[in-house]
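Listed below are the residues making up each chain.
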Amino acid sequence: MGKTHERIDGRLRAFIEAQPIFFTATAPLDGDGTINLSPKGLTGSFAVIDEHTVAYLDFAGSNAETVAHLRENGRITLMWCAFQGPPNIVRVHGQGEPVFRDDPRWAELLGHFPGIEPEPHGLRAIIVVRAELVRDTCGYAVPFMTYDEDRDLHQKRFAREDDASLSAYFDKKDHIAASIDGLPGLPLPLPPLPRTAP
């Protein structure tokens, strides 16, 4: 029932762009290391860059496991499930890279997310994933669930921070600068968030 796709386009692209939530999975190389699985949401925070590349915005939070794992080995899997409509699960397996605020590619990449204001969410990185294997499967056991709206709590919480206070917040957290397993995580202090032209 599963199918492998050569590229992210057409029906496949339309499906993943329509989902209000997706999941990311990463792991360190150490076999005893901690596997990480994270839900990602917020309308407009995911983009298909081209037929083999996707990206999403990495916002402020209390850990940086995905960033740490990608810095170590780059392996990542993204997954979308159909909670409405015909059953479907899509997975993109590939190599990911966190692009930080001081990277020359920052402004161009951020242009793929016109519906998101970076400042209120404490945007700290853009995760770029190059797809190596794209598959969909049936999803027959995934339940129907309705999407009502995005929560506004993340923006309300981090809109209170500027670059300096956000770096101070991260300094107080155990698993931002280093992962649970001690891998290098988010480089601190954060470089200033580049200002977009009015």
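Only a predicted model underlies this, so the values are computations on that prediction, with no experimental measurement involved. (Residues numbered from 1 in each chain as written. Predicted model: local features only at pLDDT ≥ 70, side-chain atom pairs only at ≥ 80, totals over all residues. Heavy atoms only, no water.)

1. With respect to the overall build of the protein
Here is step 1 of the chain: What the protein contains, in helices and strands, is six helices and eight strands.
Here is step 2 of the chain: Ordered by position from the N terminus, the helices and strands of the protein form the series β-α-β-β-β-β-α-β-β-α-α-β-α-α.
Here is step 3 of the chain: Once the C-alpha set of the protein is aligned to its principal axes, its extents read approximately 50 × 45 × 30 Å.
Here is step 4 of the chain: The burial tally for the protein puts 44% of its 198 residues in the buried class.
Here is step 5 of the chain: In the protein, the share of contacts with a sequence separation of at least 24, taken over all contacts with a separation of at least 6, comes to 72%.
Here is step 6 of the chain: Only carbon and sulfur atoms are counted for the fraction: they give 53% of the accessible area of the protein, which is about 10600 Å².
Here is step 7 of the chain: Placing the 20 positive and 28 negative side-chain charges of the protein at their respective mean positions leaves the two points 3 Å apart. (Helix = DSSP H or I, 4+ residues; strand = E, 2+ residues; numbered from the N terminus. Buried < 20%, exposed > 50% of the residue type's maximum accessible area, 1.4 Å probe, protein only. Contact = heavy atoms within 4.5 Å. Areas by Shrake-Rupley, 256 points an atom, 1.4 Å probe, with all protein chains shown as cover. Lys, Arg positive; Asp, Glu negative; His and termini not counted. Charge placed at Lys NZ, Arg CZ, Asp CG, Glu CD.)

2. Focus on the packing of aromatic side chains
Here is step 1 of the chain: Following the criterion strictly, the structure yields six aromatic pairs and no others.
Here is step 2 of the chain: Between Phe158 and Tyr169, the aromatic rings sit 5.5 Å apart at their centres with planes inclined by 80°, giving edge-to-face as the arrangement. With Phe158 in helix H5 (residues 153-158) and Tyr169 in helix H6 (residues 163-172), this pair connects stretches of sequence that are 11 residues apart.
Here is step 3 of the chain: Accessibility expressed as a relative area gives 16% for Tyr169, which makes it buried.
Here is step 4 of the chain: Centroid distance Tyr169 to Phe170: 5.7 Å. Interplanar angle 55°. Geometry classified as tilted.
Here is step 5 of the chain: Relative accessible area serves as the criterion here: at 1%, Phe170 is assigned to the buried category. (Phe/Tyr/Trp six-rings, centres within 6.5 Å; stacked < 30°, edge-to-face > 60°.)

3. Details of the environment of Ala107
Here is step 1 of the chain: By the secondary structure assignment, Ala107 is in helix H3 (residues 106-110).
Here is step 2 of the chain: Classification of Ala107 by relative accessible area gives exposed; the value is 59%.
Here is step 3 of the chain: Sequence separation between Ala107 and Phe144 is 37 residues, and the spatial gap between their C-alpha atoms is 38 Å.

4. Describing H6
Here is step 1 of the chain: Of all the positions in H6, only Asp163, Leu166, Ser167, Tyr169 and Phe170 are classed as buried. Each buried residue of H6 lies within a common arc of 155° when the element is viewed along its axis, so the set occupies one face. Exposed residues pointing more than 90 degrees away from the buried face of H6 are listed as Ala164, Asp171 and Lys172.
Here is step 2 of the chain: Summarising the contacts, the buried residues of H6 are in contact with H5. (Arc of directions from axis to C-beta.)

5. Focus: the environment of His5
Here is step 1 of the chain: Structurally, His5 is set in strand S1 (residues 3-5).
Here is step 2 of the chain: A sequence separation of 59 residues divides His5 from Ala64, and the C-alpha atoms of the two residues are 30 Å apart.
Here is step 3 of the chain: If we ignore the near neighbours within four places in the chain, the residues touching His5 are Arg11, Leu12, Val134, Arg135 and Asp136.
Here is step 4 of the chain: Among the polar contacts listed, one links the side chain of His5 to the side chain of Asp136, at a separation of 3.2 Å. (Polar contact = N/O pair within 3.5 Å; in protein donor to acceptor, adjacent residues only side chain to side chain.)

6. Topic: the nonpolar core
Here is step 1 of the chain: In terms of nonpolar packing, the biggest core is built from 32 residues, with Ile8, Ile16, Phe46, Leu78, Trp80 and Phe170 touching the most fellow members.
Here is step 2 of the chain: Excluding its chain neighbours within four sequence positions, the residues that come into contact with Trp80 are Phe15, Ile16, Gln19, Ile21, Phe22, Phe46, Asn88, Ile89, Val90 and Val92.
Here is step 3 of the chain: Core analysis: the next-biggest nonpolar cluster, separate from the first, contains 15 residues, Val99, Leu109, Ile116 and Leu123 among them. (Core = buried A, V, L, I, M, F, W, Y, C linked by side-chain atoms within 4.5 Å.)

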